[in-house]
Amino acid sequence: MDTYASVIVDITHSKLDRPFQYRIPHGMEEQIHPGVRVVVPFGNGNRTQIGYVIGIDAKPAIAPERIKEILSIDASGTAIESELIRLAFWIREQYGGTMNQALRTVLPVKRKTQAKEMRYVFLNVAQDEAAEVLSVFQKKHQTARARLLQALMEQSPVPYEAVTGKLHVTASVIRTLEEQGLLRITSERAYRNPFSGISVEDTSIALNPDQERIVSEISQRRKMHDHAPSLIFGVTGSGKTEVYMALIEEAIAEGKQSIVLIPEIALTYQTLIRFYARFGDRVSVLHSKMSAGERFDQYERAKNGELDVMIGPRSALFTPFSNIGYIIIDEEHESSYKSEGVPRYHACDTAIERAKMHSANVVLGSATPSLSSYLKTQQGKWHLYTLPDRVSGRPMPHVEIIDLRSELRTGNRSVLSRRLREQIHDRLEKKEQIMLFLNRRGYAGFVSCRSCGEVIKCSHCDVSMTLHRDKRLYCHYCGDAMDLPKVCPKCGSPYIGTFRAGTQQIESIVQKEFPNARILRMDADSTRKKDGYESILSAFANREADILIGTQMIVKGHDFPGVTLVGILAADLSLHVPDYRASERTFQLLTQASGRAGRGEIPGEVIIQTYQPEHYSILTAADQDYVSFYQQEMIYRKLLHYPPAWEMLLIHIDSENESAADQMASYLDAQINDYYKEESKRSWQKIGPSNAGIAKIEDIYRKVIYIKHNHADALTGLKSFLEEKIEIRNDPNVSIQFDRNPM
Ligand code: ADP
Ligand code: ZN
Ligand code: ZN
C-alpha cells in the first residue's frame, strides 16, 4: 500500500496553502512525519528542492501515476521550521481548523514586499571644503546640488529617501556629487530595532530571600531536567518580574534564549524599559501596533542569533529561537492568551508543548492564578511558588463592602452609595486621587432585582439568562427560554430589569455631585484615538485629574502612587455574564482593582458596592484570599462538570441555510452519541444542539453543541472522529469550528 506526504516547498512566501503530494518510498514510512525536511523533485524540470512534510495521507489526491516520489530525507541540521511545523500539527490536532491555518499561526510568513534596506547619504568632506564648493554651486545656479550639499552640512547622514523625497533631489544629482567625492552612500539591511534611541541605566537589584529561593529552585529543576511548569503566585508588586529577569540571565549564561509573554494591555513602556535596561540590544519586542515588516524583522533577528529575549503577547510564543531556556507567561490568567480566531489555541498549553521540544521550562505568574493552573499545582503536576508580600513591605489596602440593596431601601437610588460619596469628598479635600471602576466586562442583558439582588438564571446550567429583543429570556448554553417576569420571582419587587449605566452617565453623575473635581474617563470611546490609552493614563499619573473613571481597562498595569481610594461601582455586574467562568473573572477584576489603591506612601481604601454582598467571589476578593475562592469555586465546577474539573468541547455550526445547519447539528449529535455509546453516562455529558447566544448574525444561522468529559484526551479523539465524519458528509453550505475549553 502506497502512502503519501503533503509537502510545502517554500515556506518563506505566502504559498502555505499550496502543498504538493509526494509518494513516500517504501521503507521510509517510519521516518516521515510532519516537520521532517525532505528532498523532492519539483516543477517541469524536476529540480531538486528542499520541502517540509506537513501531513500524511492514505489516499492520492490526483492520479497515482502522476505523483512523484520523495528522493530523500534531509537531516542536515535541525531547522527551526521543522519544529514549528511539528508544533502547528499539534495545534491542529488539539484545537481543530486546517493545517494551513495552523501553519499561518506559527510561521512568520514573509510578505512579498522587499526586505527594507536603509540607505544613508553622508557628507564626505570637511565643512570648510564643503562651504567652498557650495558657493561655486550657488554661483552657477546649480540649485539642486546646492540644496543637497547645504542639507548635508547641517546634518549628516540624511536618509536617502529624505534626499529624494523632502529635498526633491534626483538620483542623478546624488550620483554626480558622489562621483565628485563630496558625499558617500552607505546601505544596510535595517532590522528596525524597536528600542533604538533609548538609553537607560540598569539598576540591578539584589533579590530578597524569597525571590532568591524561587530563582535557584526553578533553575536547579531545569538543569536537573525536571521540566514541569512552575506557577509563581504573587501579589502585584511582589517582585515576580525581577524573578523572571534573573531566570533569563541564568539561561543566557548557558547560551539559551527566553520568551516572555505578557498581555497586550500590560505591554507598557515601563515594562519594556526594565527589560531593555537589563538586556540591552539582546531583547526585542513584538506588539500589535507594529507593521508586518517590522514584525518580520524581529523574527529574523531572533533566528539569526541576535537576540536572547523576546517580549510580546500571544504570538511571540512562535519566535524562531533555536535553543530556548524559559518560556515565561506573566498574568497567566488573562483571557487574551486564548486565540479568538481559528485555531483557537491557548498560549499556556501551546507553550508547554513548545517547551518540550527544547527541554525548556515554562514559568507562569499571576496574582490571581487561573483555576486550571492552580489545580495543576494541587494535583502535583506543576510546582507552586508563593510571593505573599509586596516588596517594599507596604500594606494591602483596607476593603469595605457596601450593600446596594440597603441603599435602595433607605431611599438612595444613586449609583454612588453614601459611604463612597463621603470618601470621595474626603480625598478631594486632601488632594489625593480616586479611581472609580465600572465593572462592565462582557456586559450582557442579564435581568436582576434591585431590591434583593436576585438574578434570573437557567435552572439547568446555573448561568444568567439573557434578555433578547423579543422580550424573552434565553439560556446561551442549552437554549432554554422564558418570558420576562414583571416582578422579582423571589421578593415580588417591581424594580427588576437590566442594568444600563455606562461610563459616560457615571461621569456626568459624578461631575454634578463634585463640580470642582477634575475628571478623566477611560473607556472604548475615549481611547479610540491612537495613544488615547497612554495619554489618559499619563495625564492621570501627572495628577492632571482627581478622578479617573473607567472600565476594566483601568485596573491593569500602571501604578498610581497618588491613588488612595478605589470605588467599585457595581461589583456583581461581571457575575452575571452568561459564562461558567463569571465568578472567576469577578474575583480577578475585584482583586486587581483593589490592588490599585495605596501604591504610594499613604495606605489605600477600597469600597466595593454590590447587590450581592454575600457572594463568595466578592467576600474572598475583599479579603484578598485566593485560596478560599479557589476552594469554593472548584466545588461549583465539580458539581456542574465545568472546566477545569471536566474538559469541554464546543462545536459551532454555521450556515446561511437554517435547515442545513439543523441537519448538520442533528447529524453530529447522532455521531457523538454513537462515539460514546460504550461509555458510562457518568463520564460524559452533552448540551444541545441549540441556538448560539446570538442565534443569527448577518443572516448566518448559528447552532452550538457542548460536550463535557471527565478525561481530556477523550475529547481530542471525539474531535478527530467528527472531523472525519464532516469531511465524508462534505456539505459546502455549513461551516464547523471546534473550540476547546471556550472562553
Ligand atoms: P511584580 O512583577 O510581581 O508586580 P516587580 O518585579 O515589578 O513585581 O516588583 C515591584 C517593584 O519592586 C519594582 O519597582 C521592582 O523594581 C521592586 N523590587 C522587586 N524586587 C526587589 C528587591 N529584591 N529589592 C528591592 N526592590 C525590588
Ligand atoms: Zn427581588
Ligand atoms: Zn441552560
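Preceding this paragraph is the structure being described.
Residues numbered from 1 in each chain as written. Chains lettered and ligands numbered in written order. Predicted model: local features only at pLDDT ≥ 70, side-chain atom pairs only at ≥ 80, totals over all residues. Heavy atoms only, no water.

Colleague: Let's hear about helix α19 (residues 626–639): which residues, and what values?
Modeller: Taking 1.5 Å per residue, 14 residues should reach 20 Å; α19 reaches 20 Å between its end C-alpha atoms and fits that length. Of the positions making up α19, those classed as buried are Tyr626, Phe629, Tyr630, Glu633, Met634, Tyr636 and Arg637. Buried positions in α19, seen along its axis, are confined to an arc of 160° and lie on one side of it. Turned more than 90 degrees away from the buried face of α19, the exposed residues are Ile635, Lys638 and Leu639. Among the structural elements, β9 (230–234), α12 (371–378), α17 (582–594) and α18 (616–622) are those in contact with the buried residues of α19. After α19 finishes, the residue His641 shows a positive phi value of roughly 60°. (Helix = DSSP H or I, 4+ residues; strand = E, 2+ residues; numbered from the N terminus. Expected span 1.5 Å × (residues − 1). Buried < 20%, exposed > 50% of the residue type's maximum accessible area, 1.4 Å probe, protein only. Arc of directions from axis to C-beta. Contact = heavy atoms within 4.5 Å.)

Colleague: Residues and numbers for unusual backbone geometry, please.
Modeller: Along the chain, Val342 connects to Pro343 via a cis peptide bond; the corresponding omega equals -5°. Turning to its location among the elements, Pro343 is positioned in the loop between β13 (324–330) and α11 (347–358). Between Gly688 and Pro689 the backbone carries a cis peptide bond, its omega angle lying at 5°. The topology assignment puts Pro689 in strand β28 (residues 684–697). With phi around 60°, His225 is a residue other than glycine that occupies positive phi space. Among the structural elements, His225 can be located in the loop between α7 (209–223) and β9. On the basis of relative accessible area, His225 is assigned to the exposed category, the value being 60%. A positive phi angle is found at Ser359, which is not glycine, with a value near 50°.

Colleague: So, the coordination of the zinc ion (ligand 2): which residues are in play, and what are the values?
Modeller: Within the protein, the zinc ion (ligand 2) binds to Cys449 (SG), Cys452 (SG), Cys488 (SG) and Cys491 (SG); these donor distances fall in the range 2.3 to 2.4 Å. One can describe the donor arrangement at the zinc ion (ligand 2) as tetrahedral, given that its four donor atoms subtend angles of 107 to 113° at the metal. Taken in chain order, the donor set of the zinc ion (ligand 2) reads C-x2-C-x35-C-x2-C. Neither residue differs from the other here; Cys449 and Cys452 are each classed as buried. (Donors = N, O, S within 2.8 Å, 3.2 Å for Na, K, Ca; no water. Tetrahedral: all angles 85-135°; square planar, octahedral: opposite > 155°, others 65-115°.)

Colleague: Pulling in residues and values, what's your account of the site of ligand 1?
Modeller: Inspection of the region around ligand 1 gives 15 residues, with Gln211, Gly237, Lys240, Thr241 and Arg274 positioned closest. Asn208 is positioned with one of its backbone polar atoms (N or O) 3.3 Å from a nitrogen atom of ligand 1. Take Glu242: an N or O atom from its main chain is 3.2 Å from an oxygen atom of ligand 1. In terms of residues, the shell around ligand 1 owes the most to one element, helix α8 (residues 240–253), which gives three residues. Within the shell around ligand 1, the residues separate by chemical class into five nonpolar, seven polar and three charged. (Near = heavy atom within 4 Å. Polar contact = N/O pair within 3.5 Å; in protein donor to acceptor, adjacent residues only side chain to side chain. Nonpolar A, V, L, I, M, F, W, Y, C, P; charged D, E, K, R; others polar.)

Colleague: Let's hear about the sheet that holds strand β12 (residues 309–312): which residues, and what values?
Modeller: The strands that make up a sheet pair up through hydrogen bonds in the backbone, lying either parallel or antiparallel. The strand order β11-β12-β10-β13-β14-β9-β15 describes an open sheet built from seven strands, whose pairing is parallel. At either end of the open sheet lies a strand with only one pairing partner, and these are β11 (283–285) and β15 (383–387). Averaged over all pairs of adjacent strands, the angle between strand axes in this sheet comes to 15°, irrespective of strand direction. Pairing between β11 and β12: three bridges, direction parallel. Along β12, the bridge assignment pairs Ser284 with Met310. In the packing of α11 onto the sheet, the strands contacted are β10 (257–261), β13 and β14 (361–366), and the crossing angle to β13 comes to about 170°. (Pairing = 2+ DSSP bridges. Axes fitted to C-alpha atoms, helices over the stretch in contact; angles between N-to-C directions.)

Colleague: Just give me the short version of the side chain of Ser238, but keep the residues and values in it.
Modeller: When you line up the elements, Ser238 lands in the loop between β9 and α8. Of the polar contacts made by the side chain of Ser238, one reaches the backbone oxygen of Val235; its length is 2.6 Å. Apart from residues no more than four positions distant in its own chain, Ser238 is found in contact with Gln211, Leu387, Asp389, Arg390 and Val391.

Colleague: Kindly report on the pattern of salt bridges, identifying the contributing residues and their values.
Modeller: Counted under the stated rule, the structure contains 40 salt bridges. Its salt-bridge partner being Lys303, residue Glu81 comes within 2.8 Å of it at the nearest N-O pair. Of this pair, Glu81 sits in helix α1 (residues 80–95) while Lys303 sits in helix α10 (residues 292–303), and the two are 222 residues apart along the sequence. Residue classification places Glu81 among the buried residues on the basis of a relative accessible area of 15%. According to the relative accessible area criterion, Lys303 is partly exposed, its value standing at 41%. (Salt bridge = Lys/Arg side-chain N within 4 Å of Asp/Glu carboxyl O.)

Colleague: Pulling in residues and values, what's your account of the side chain of Arg354?
Modeller: The residue Arg354 is located in helix α11 in this model. Among the residues examined, Arg354 registers a relative accessible area of 0% and is labelled buried.

Colleague: Any details on the sheet that holds strand β26 (residues 605–610)? Residues and values, ideally.
Modeller: Strand order across the open sheet formed by six strands is β16-β26-β25-β17-β24-β23, with parallel pairing between neighbours. The sheet is open, and its two borders are formed by β16 (398–403) and β23 (519–522), each paired with just one other strand. Across the sheet, the axes of successive neighbouring strands diverge by a mean angle of 15°, strand direction being ignored. When strand β25 (residues 563–568) meets β26, the two strands line up parallel, connected through four bridges. Counterpart to Ile568 in the pairing with β26 is Ile608. Where α17 meets the sheet, it contacts β17 (433–437), β25 and β26, and its direction lies at approximately 155° from that of β25.

Colleague: I'd like a description of the environment of Gln737, backed by residues and values.
Modeller: Considering the arrangement of structural elements, one finds Gln737 in strand β30 (residues 734–740). Residue classification places Gln737 among the partly exposed residues on the basis of a relative accessible area of 25%. Placed 33 residues apart in sequence, Gln737 and Val704 show a C-alpha to C-alpha distance of 9.8 Å. In this structure, Gln737 is in contact with Val342, Arg344, Leu650, Ile651 and His652, ignoring residues within four places of it in sequence. There is a polar contact of 2.4 Å between the side chain of Gln737 and the side chain of Arg344.

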